Amino acid sequence: MGDENTILGATHARHLLRRAGFGARATDVQAFAGLTRGVAADRLLSFKPAKFRPGGKDIWRRRVSWLKYMVRVRAPLQEKLVLFWHDHFATGNDKVQDHAWMADQNRLLRLHCKGNFKDFVKAINVDPAMMEYLDTFRNFKDQPNENYARELMELFTLGVHDLAGAPNYEQQDIVQIARAFSGWGWDYSRRRVAFRDWAHDYNSEYESERGPKVIFKNHGGFGPSGRDFTQPGGEGPQEISQVVDIIFEHRDSDGKSTVARFITGKLLEYFAHRLPPYPDNATIIDRIIQRSGFDTSWDLRRLVREIFVDDFFYETAAPPFTSTIPKSVVWPVDFVVTTLRLLKVSPRSDKWGNWYIEGGAYGNVTDYLAEMGQILFEPPSVFGWDWEESWINSATLLARYSFARDVAMARGSKSYHLRPQLLMDLSLTAPSDIVDAVTNVLGIADQLTASERQTLIDYLGSGPLDLNDPGVRQKKLHGLFALALQAPHFHLH
């Protein structure tokens, strides 16, 4: 059993860097090997959240802007967290239809990505993109809209059921919370979210038909009387904050913080792998909450740190890569950004906003991602993307392999080409040494079985290779990079 004082070996350092960022460069592995889990986690989490906001005059350019930022960012854990929150607070421009709002939300996710989670939820409450996407802007006292009230509990804070399978809320709670969010709109003259008193549901107008503004009469450990969300601040714009305060007091059927367990579980499965069934999942989640104090502080930085020092996180690291080791499927964006970062390839830009690979089919990076099943700023629904096996089917695998092939075929001397001379020693001649060098660049050398390694060696042939010969380099070495990029080891971690 390990803890925050456990020393990282190279394998665990590489695992931490892959899961907490985009790939693991050999120099970074060397820098982290020998550190304790706690010191390594603190180093990764030491970044100051950037104010970066994707730029561009349309959603396509903003999408590319964010991808470029991920490739060059010095604190990759920041963007790994932003990706998680983009999925958690899923918002799509297909409905929002305002790329500036989407860029603003992206910056909001970045600024709050490791801060106080309760403050984060309150900020999302009044985010214009979210208010448009989940219809807060169309929630009026005489025509209530329940979309945001439902997702605030179901997806953002509580979950439909707790870990033991008990319901966390009921329809009446959604109805009442929707009342709190009525009356909010967009002030076009001042270009900001504004509370419109005339459109807000005040109890004096609707109590006879809707009852008092009380939630959780039958759930959450609040007793049969529930909680009045107009107290202590009264009615008006403050209700949306008071609702969140009450939600964060919710207790599940085990008497534990429902919000803390829900968020901890999601982050664990994002950074590690799928949790076991109840009650084993509760044991893992609760020990991380207990160490982090997340159920009282709501400190996301501390929570992520405790995930990165826990044995559950490192269960997937043991080499070699076999079916008995639990693994997690790399997200398409993670796969693409990791590939570009590790290979030091900068796709080529043009005046139309395209960002394309200079090889193979010369495809646009965003098109490859769409074919892999992930379009930034366009999650498929309010539920975000489906993870794990849902990332993998015959079509999405073909898209991943095509991207790997085309990156490997981007041959030349420019920054948008794959230049092996920047990545390895071209004086190597033995096929075994070349295979080791390439798989080390990609961070999968220790995951290969002996037979898998031999298969790659056999691809190069039996004799010595002259990698300084352009023909040999472009045919054999670039081909080896393509094969390694297509290997399961690079798509699972």
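Up top is the structure.
The rules behind the values
- Residues numbered from 1 in each chain as written.
- Predicted model: local features only at pLDDT ≥ 70, side-chain atom pairs only at ≥ 80, totals over all residues.
- Heavy atoms only, no water.
- Helix = DSSP H or I, 4+ residues; strand = E, 2+ residues; numbered from the N terminus.
- Contact = heavy atoms within 4.5 Å.
- Polar contact = N/O pair within 3.5 Å; in protein donor to acceptor, adjacent residues only side chain to side chain.
- Pairing = 2+ DSSP bridges.
- Phe/Tyr/Trp six-rings, centres within 6.5 Å; stacked < 30°, edge-to-face > 60°.
- Buried < 20%, exposed > 50% of the residue type's maximum accessible area, 1.4 Å probe, protein only.
- Lys NZ or Arg CZ within 6 Å of the ring centre and 35° of its normal.

*Asks:* How should the environment of F195 be read in this particular structure?
*Replies:* Relative to the elements of secondary structure, F195 occurs in strand β2 (residues 192-195). On a C-alpha basis, the gap between F195 and V126 in space is 10.0 Å, while along the polypeptide they are 69 residues apart. Setting aside its immediate chain neighbours within four residues, F195 contacts S182, G183, W184, H200, Y202, G236 and P237.

*Asks:* Please clarify how the environment of F313 should be interpreted in this entry.
*Replies:* Checked against the element boundaries, F313 lands in helix α18 (residues 311-314). Residues F313 and S413, spaced 100 residues apart in sequence, show a C-alpha to C-alpha distance of 40 Å. When near neighbours in sequence (up to four residues on either side) are disregarded, F313 contacts H15, L16, R19, F271, A272, I307 and F308.

*Asks:* Can you walk me through the environment of R411 in this structure?
*Replies:* Turning to its location among the elements, R411 is positioned in the loop between α21 (394-408) and α22 (431-442). Distance in space between the C-alpha atoms of R411 and P379 is 34 Å, their sequence separation being 32 residues. The contacts of R411, once residues within four sequence positions are left out, are E358, H417, Q474 and H478. In terms of polar contacts, R411 uses its side chain to reach the backbone carbonyl oxygen of Q474, at 3.0 Å.

*Asks:* I keep staring at the pairing of strand β1 (residues 184-187) and nothing clicks. Help me out?
*Replies:* Strand residues, when the strand is regular, have side chains that alternate between the two faces of the sheet. The pairing of β1 with β2 spans four bridges and is antiparallel. Across the sheet, the residue bridging to D187 is R192, located in β2. In this antiparallel pair of consecutive strands, β1 and β2, the connection spans four residues, and R191 shows a positive phi of 55°.

*Asks:* Explain the packing of aromatic side chains here, please?
*Replies:* The description of two aromatic rings rests on the distance between their centres and on the angle between their planes. Tallying each qualifying case throughout the model produces 32 aromatic pairs. Measuring from centroid to centroid gives 5.0 Å for W85 and F120, while their planes differ by 70°, and the two rings are edge-to-face. Separated by 35 residues along the polypeptide, W85 in helix α5 (residues 76-88) and F120 in helix α8 (residues 117-125) bring together distant segments of the chain. As far as the burial class goes, W85 and F120 line up, both buried. When the centroid spacing of 5.5 Å and the interplanar angle of 10° are considered together, the rings of F216 and F222 count as stacked. Overall, the relative accessible area of 0% leaves F216 in the buried class. Stacked on the ring of F32, the Lys or Arg R43 has its end atom at 5.5 Å from the ring centre.

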